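# Tertiary structure, described
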Amino acid sequence: MNNFVMEPERRLEIKEKYDAVVVGGGIAGISAAIAAARGGAKTLLIEREFSLGGLATLGLVTIYLPLCDGKGRQVSFGIAEELFRLSIKYGAEANYPEIWLSDHTVEERAKGQRFEVRYDANVFAILCEQRLKEEGVDILYGTSVCSCDVKNGRINALIVENKSGRYAIEAGAVVDATGDADICAFSGEETALYAPKNILAAWYYAVEGGTNKLHMHGFAEGSNEDVKLLSQRRFGGIDGNEISEMVQMAHNEILTEFLKKGGVSEEHSLSSIAGIPQLRMTRRLAGSCEMTTEKEGESIGTSVGVISNWKKRGPVYEVPFECLYGKKVKNLITAGRCISVSDEMWDISRVIPCCAVTGEAAGTAAAMTDDFSALEVKSLQSRLSAAGVKLHI
Ligand SMILES: Cc1cc2nc3c(=O)[nH]c(=O)nc-3n(C[C@H](O)[C@H](O)[C@H](O)COP(=O)(O)OP(=O)(O)OC[C@H]3O[C@@H](n4cnc5c(N)ncnc54)[C@H](O)[C@@H]3O)c2cc1C
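First, a word on scope: everything that follows refers to the structure included in this document. (Residues numbered from 1 in each chain as written. Predicted model: local features only at pLDDT ≥ 70, side-chain atom pairs only at ≥ 80, totals over all residues. Heavy atoms only, no water.)

Turning to the sheet that holds strand β11 (residues 211–215), a few remarks are in order. Taken in spatial order, the three strands of this open sheet run β11-β10-β12, and their pairing is antiparallel. Whereas interior strands pair on both sides, the edge strands pair on one side only; in this sheet they are β11 and β12 (268–273). Across the sheet, the mean angle separating the axes of adjacent strands is 25° when strand polarity is ignored. Here five bridges tie strand β10 (residues 204–208) to β11, and the two strands are oriented antiparallel to one another. Paired with Y205 across the two strands is L214, which belongs to β11. Here helix α7 (residues 240–259) sits on the sheet and contacts β10 and β12; the angle it forms with β12, its principal contact strand, is near 160°. (Pairing = 2+ DSSP bridges. Helix = DSSP H or I, 4+ residues; strand = E, 2+ residues; numbered from the N terminus. Axes fitted to C-alpha atoms, helices over the stretch in contact; angles between N-to-C directions. Contact = heavy atoms within 4.5 Å.)

The next subject is the site of the ligand. If you check the shell around the ligand, you find 34 residues, and the closest are E47, L55, I63, R350 and I352. The separation between an oxygen atom of the ligand and a polar side-chain atom of E47 is 2.7 Å. At 3.0 Å from a nitrogen atom of the ligand is found a side-chain nitrogen or oxygen belonging to D182. Here the ligand loses 97% of its free accessible area of 990 Å² to cover by the protein chains. Elements that contribute at least two residues to the shell around the ligand include exactly α1 (27–38), β6 (144–151) and α9 (352–366). Residue contributions to the shell around the ligand peak at three residues, all from α9. Residue classes in the shell around the ligand are distributed as 17 nonpolar, 10 polar and seven charged. (Near = heavy atom within 4 Å. Polar contact = N/O pair within 3.5 Å; in protein donor to acceptor, adjacent residues only side chain to side chain. Areas by Shrake-Rupley, 256 points an atom, 1.4 Å probe, with all protein chains shown as cover. Nonpolar A, V, L, I, M, F, W, Y, C, P; charged D, E, K, R; others polar.)

Our next topic: the pattern of salt bridges. Applying the stated criterion across every chain yields a total of 23 salt bridges. Between D149 and K151 there is a salt bridge, with its nearest N and O atoms 2.9 Å apart. Relative accessible area serves as the criterion here: at 23%, D149 is assigned to the partly exposed category. The exposure class assigned to K151 is partly exposed, which follows from its relative accessible area of 46%. In this structure, R283 and D182 form a salt bridge, with 3.1 Å as the shortest nitrogen-oxygen distance. Here D182 lies in helix α6 (residues 182–187) and R283 lies in strand β13 (residues 283–285), a separation of 101 residues in the sequence. Per residue, the accessibility class of R283 equals that of D182, and both read buried. Within this structure, R38, E82, R131, E134 and E135 form a network of salt bridges that share partners. (Salt bridge = Lys/Arg side-chain N within 4 Å of Asp/Glu carboxyl O. Buried < 20%, exposed > 50% of the residue type's maximum accessible area, 1.4 Å probe, protein only.)

Another point: the pairing of strand β14 (residues 303–308). Counting buried positions over the six residues of β14 gives six, a clear majority of the element. Sheet analysis places β14 next to strand β15 (residues 316–320), joined by four bridges and oriented antiparallel. Counterpart to V306 in the pairing with β15 is E318.

Quick look at a nonpolar patch on the surface now. A surface patch of nonpolar side chains, about 320 Å² in accessible area, is lined by L255, L259, L270 and I273. For the nonpolar patch, the secondary-structure elements that each account for two or more residues are α7 and β12. When you line up the elements, I273 lands in strand β12. For I273, a relative accessible area of 40% gives the class partly exposed. (Patch = residues over 30% accessible without salt bridge, like charges linked within 9 Å, V, L, I, M, F, W, Y side chains within 5 Å.)

Note that S342 resides in the loop between β16 (332–334) and α8 (343–349). What S342 contacts, discounting residues up to four positions off in sequence, is E290, M291, T292 and T293.

For the rest of this paragraph, the subject is the packing of aromatic side chains. Per the stated rule, a full pass over the model turns up eight aromatic pairs. Plain terms: the ring middles of Y194 and W346 are 5.4 Å apart, the flat faces sit at 80° to each other, and that makes the pair edge-to-face. With Y194 in the loop between β9 (191–193) and β10 and W346 in helix α8, the pair connects residues that are 152 residues apart, well separated along the chain. Of the two residues, Y194 and W346, both sit in the buried class. A cation over a ring is seen here: K42 above Y18, with NZ or CZ 4.3 Å from the ring centre. Just above the ring of W346 sits the side chain of R284; from NZ or CZ to the centre is 5.5 Å. (Phe/Tyr/Trp six-rings, centres within 6.5 Å; stacked < 30°, edge-to-face > 60°. Lys NZ or Arg CZ within 6 Å of the ring centre and 35° of its normal.)

Here eight bridges tie strand β1 (residues 14–23) to strand β8 (residues 165–176), and the two strands are oriented parallel to one another. Residue Y18 lies in a different strand from β8, and its bridge partner there is A171. When β1 meets strand β2 (residues 43–46), the two strands line up parallel, connected through four bridges. Bridge assignment links V21 to a residue of β2, and that residue is L44. Handedness of the crossover joining β1 and β2 through α1: right-handed. (Right-handed = clockwise from strand over helix to strand, strands pointing away.)

To continue, consider the nonpolar core. Counting 84 residues, the largest nonpolar core has Y64, L83, L132, V175 and F321 as its most contacted members. Structurally, this core is a two-domain feature, drawing no fewer than three residues from each of domain 1 (14–194 + 282–386) and domain 2 (204–273). Setting aside anything within four residues of it in sequence, one finds V175 in contact with V21, V22, V23, A32, I333, A335, A362 and A366. By size, the runner-up hydrophobic cluster in this structure holds 22 residues, among which are I155, A171, V174 and L332. (Core = buried A, V, L, I, M, F, W, Y, C linked by side-chain atoms within 4.5 Å. Domains from an automatic or database assignment.)

Shown next as structure tokens:
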């Protein structure tokens, strides 16, 4: 018996054509799409689910980690700050950053809460959708990019599947904001896997005594010494069967944990479980440059933004443009949790504010070129500076 089938060759209709196509509507994709549209590109954002935000909304990760260095100074600006403010336009769920949104000295801020907040996932998702529409971005929901047509080292078209079937979308520049470097893998770009693999996470919301509470069940490893693993099993995150098993394990964990506080009533209900798998680091671009923690505090000539370390106060890093694009596919750039980084830096750069910083850089570049390694970085930097991004520490 053969263990394969031959898919019949077929002609796919090219239904649309865009200057910039952003794949993935998480924080990185939202930021990239806004920046590309502001740069004048006819922009499409393709998202597999039916809402924006990715892990930051559907994944119930509702803590916008710090825009500051932990020593009282803001380091991430531009769209990272714009989305932060948007997330709490109608109020914060918790940890309102009073000290940052009113007049205070660096010393006062250094001693107080970092520039972070907890927001309402659903309100934020809808506000992001509205912001993209205001910027003129087309959104295509319920659509997975499942393959790429690559010619002469460029993605000519993205092959998508949705309710209409399978068809092609022609793209000038492509931003891989899938979180898992799907487009890098589909187009033959070099990628790397996260060897330690992911622990089981099972974050959920439950109404308890009239209050809707976030339960961070399965907290990040290394962030707190008391973290107890929910399972000894680890997950790579790019195998369909494995992800399905992981999600079912998380569901069982959530129900068991929820029921410890009693059955369902008006005062006690399981209000939200994640709609997408809670995976932190899976597959990333293996670019010609890797961002590393060794460059902490260093000035980088090709910097496209500054990020901080959510785990500890002090360290800040400039993001080199070269860690966003690869060696093989000229018109492909990455953003968010799948950029080219070392393992240690991955755990720092994967969080919401950093995804917004790399998203803005990738989207701005996508409006300027369809050959990223040939782009003059100085002109990209001028555009980013004009948009309010801080490039150097
Ligand atoms: C359990 C957990 C807790 C975390 N806690 C925090 C926290 O407290 N604060 C914080 O700042 N960060 C936290 N993070 C990290 C952070 O949430 C994410 O790393 C960040 O939001 C990733 O953004 P992204 O846009 O790069 O990717 P994602 O949010 O993963 O978005 C990718 C999007 O692309 C879509 N997509 C994927 N593949 C395709 C495809 N082939 N075609 C079409 N669409 C596709 C997905 O549906 C998704 O919407 C946590 C992560 C986890 C898992």
